[in-house]
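# Architecture and fold: a report
Spelled out, the chains give:
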There are 2 protein chains.
Amino acid sequence: MSKFGDYIREKREALQKESPGTYSLRKVASAVGIEASYLSKIERGQQPPPGERSISALAEILNEDPDMMLALAGKVSDELQEIIRKRPKLFARLIRELRDMPDHAVLRLVREVRDGNW
Amino acid sequence: MSKFGDYIREKREALQKESPGTYSLRKVASAVGIEASYLSKIERGQQPPPGERSISALAEILNEDPDMMLALAGKVSDELQEIIRKRPKLFARLIRELRDMPDHAVLRLVREVRDGNW
DNA sequence: TGTAGTGTGTAGTATATGCTACACACTTGC
DNA sequence: GCAAGTGTGTAGCATATACTACACACTACA
């Protein structure tokens, strides 16, 4: 049961059905910058998910959210990690506080921050 | 210039001065569960910072904040990463929004969430 | 003067991560 | 039937991560 592999296989095959010939293993792999056989193994869960670079490239090609794809792969983007590392105590506290908050509450927070009216 | 190494060396030596004999390289290393020579090299920047487990143990022994120590080591705790990975889009968005916010603004957010009055 | 405590130097090791190279087999269309 | 396109199998490899084991050298002090 490879979440990441299953997910990208289905997505790729769906796109391949939509526009045949454009989303073959080889096409996608070469666009990502990896070997086709490697991608094949990843899709079937014979290999763990690739590195962050490859996952992000894959996300772009498959028209998916990179953060979500990284999460499926058990990773968090280095960009986000760097933001956290700059103020570790602050962010650690905030994230832990929000752990059990429902989505809509967190989302509300996001909006408030973005709009600046708070 | 090893931030992590310098930091723990100073902290350890300060504690060693306070209570001599209790914070030698060997004492601390064995409490952490690593070799003394390894810790020595880390302190002098001859080795990169150790793994998360060792860093957390070190933080506890040196009475420091683990998240801060991990940040010094260029890491983010797996616990925090897991929280993010459960709702990657939501947290990614929030964290990016907060990237350039001043400390006090983020802190205010933390407090509001904690107190629930929002 | 020897032994306990201190730090350091040398020389490794095990495991994980992130891949490549290339041959093989099957299907489809001409 | 053969060429192009499809996926897969085998056999690796380079680099990074996270350490261990043990000998050595210096200092203090009893």
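Residues numbered from 1 in each chain as written. Chains lettered and ligands numbered in written order. Predicted model: local features only at pLDDT ≥ 70, side-chain atom pairs only at ≥ 80, totals over all residues. Heavy atoms only, no water.

## A few points about the protein's contact with DNA strand C
Of all residues adjacent to DNA strand C, which total 23 residues, the nearest are Gly51(A), Leu25(B), Arg26(B), Ser37(B) and Lys41(B). For DNA strand C, the fraction of protein-proximal atoms (within 4 Å) that sit in sugar or phosphate groups is 56%. Lys75(A) places a side-chain nitrogen or oxygen 3.1 Å from a phosphate oxygen of DNA strand C. Of all the elements in the fold, those that place two or more residues in the surface near DNA strand C are helix H3 (36–43) of chain A together with helix H1 (3–18), helix H2 (25–32) and helix H3 (36–43) of chain B. (Near = heavy atom within 4 Å. Polar contact = N/O pair within 3.5 Å; in protein donor to acceptor, adjacent residues only side chain to side chain. Helix = DSSP H or I, 4+ residues; strand = E, 2+ residues; numbered from the N terminus.)

## Regarding the side chain of Gln81(B)
Checked against the element boundaries, Gln81(B) lands in helix H6 (residues 78–86). Reaching out from Gln81(B), the side chain makes a polar contact with the backbone oxygen of Val76(B) at a distance of 2.9 Å.

## Overview of the protein's contact with DNA strand D
Looking at DNA strand D, there are 23 residues lining it, with Leu25(A), Arg26(A), Ser37(A), Lys41(A) and Gly51(B) nearest. When atoms of DNA strand D within 4 Å of the protein are split into backbone and base, the sugar-phosphate part holds 55%. At 2.6 Å, a backbone N or O of Leu25(A) approaches a phosphate oxygen of DNA strand D. Within the backbone of Gly51(B), an N or O atom sits 2.7 Å from a phosphate oxygen of DNA strand D. Across the surface near DNA strand D, the residue classes tally to 4 nonpolar, 11 polar and 8 charged. (Nonpolar A, V, L, I, M, F, W, Y, C, P; charged D, E, K, R; others polar.)

## What about the domain arrangement of chain A?
Domain annotation of chain A identifies domain 1 (3–76) and domain 2 (87–115). Of note, the centres of domain 1 of chain A and domain 2 of chain A, computed from C-alpha atoms alone, are 30 Å apart. (Domains from an automatic or database assignment.)

## Let's talk about the environment of Ile95(A)
Relative to the assigned elements, Ile95(A) resides in helix H7 (residues 88–97). Remark: the alpha-carbon pair of Ile95(A) and Ile84(A), spanning 11 residues in sequence, is separated by 9.9 Å. Ile95(A) has contacts with Ile84(A), Leu80(B), Ile83(B), Ile84(B), Phe91(B) and Ile95(B), leaving out every residue within four places of it along the chain. (Contact = heavy atoms within 4.5 Å.)

## With respect to the packing of H2(B) against H3(B)
All names here are of chain B. For the pair H2 and H3, interaxial distance at closest approach is 8 Å and the crossing angle is 105°. The angle between H2 and H3 places the two elements in the roughly perpendicular class. Along the contact surface, H2 presents Leu-25, Arg-26, Val-28 and Ala-29, while H3 presents Ala-36, Leu-39, Ser-40 and Glu-43. Residues of the contact of H2 with H3, tallied by class, amount to 5 nonpolar, 1 polar and 2 charged. (Axes fitted to C-alpha atoms, helices over the stretch in contact; angles between N-to-C directions. Parallel < 35°, antiparallel > 145°, perpendicular 65-115°, else oblique.)

## Some points on unusual backbone geometry
One non-glycine residue, Asn63(A), lies in positive phi territory at about 60°. Structurally, Asn63(A) can be placed in the loop between helix H4 (52–61) and helix H5 (66–72).

## Observations regarding the nonpolar core
Judged by nonpolar contacts, the single largest core of 28 residues is most densely connected at Ile95(A), Leu98(A), Ile95(B) and Leu98(B). Every element with two or more residues in this core is listed here: helix H6 (78–86), H7 and helix H8 (103–115) of chain A together with H6, helix H7 (88–98) and helix H8 (103–115) of chain B. Per-element tally for this core: the top contributor is H7(B), with 6 residues. Not counting chain neighbours up to four residues away, the residues in contact with Leu98(A) comprise Val106(A), Leu109(A), Arg87(B), Phe91(B), Leu94(B) and Val113(B). (Core = buried A, V, L, I, M, F, W, Y, C linked by side-chain atoms within 4.5 Å. Buried < 20%, exposed > 50% of the residue type's maximum accessible area, 1.4 Å probe, protein only.)

## Some details on the pattern of salt bridges
Evaluated as defined, the whole model comprises 20 salt bridges over all chains. The closest approach of N and O atoms between Glu79(B) and Arg96(A), which form a salt bridge, is 3.0 Å. Of the two residues, Glu79(B) sits in helix H6 while Arg96(A) sits in helix H7, which places them in two different chains. A relative accessible area of 36% places Glu79(B) in the partly exposed class. Accessibility expressed as a relative area gives 27% for Arg96(A), which makes it partly exposed. Among the ionic pairs, Arg114(A) bridges to Asp115(A), the shortest N-O distance being 3.1 Å. Take Asp115(A): its relative accessible area is 48%, and that puts it in the partly exposed class. Residues participating in the shared-partner salt-bridge network are Arg9(A), Arg12(A) and Glu43(A). (Salt bridge = Lys/Arg side-chain N within 4 Å of Asp/Glu carboxyl O.)

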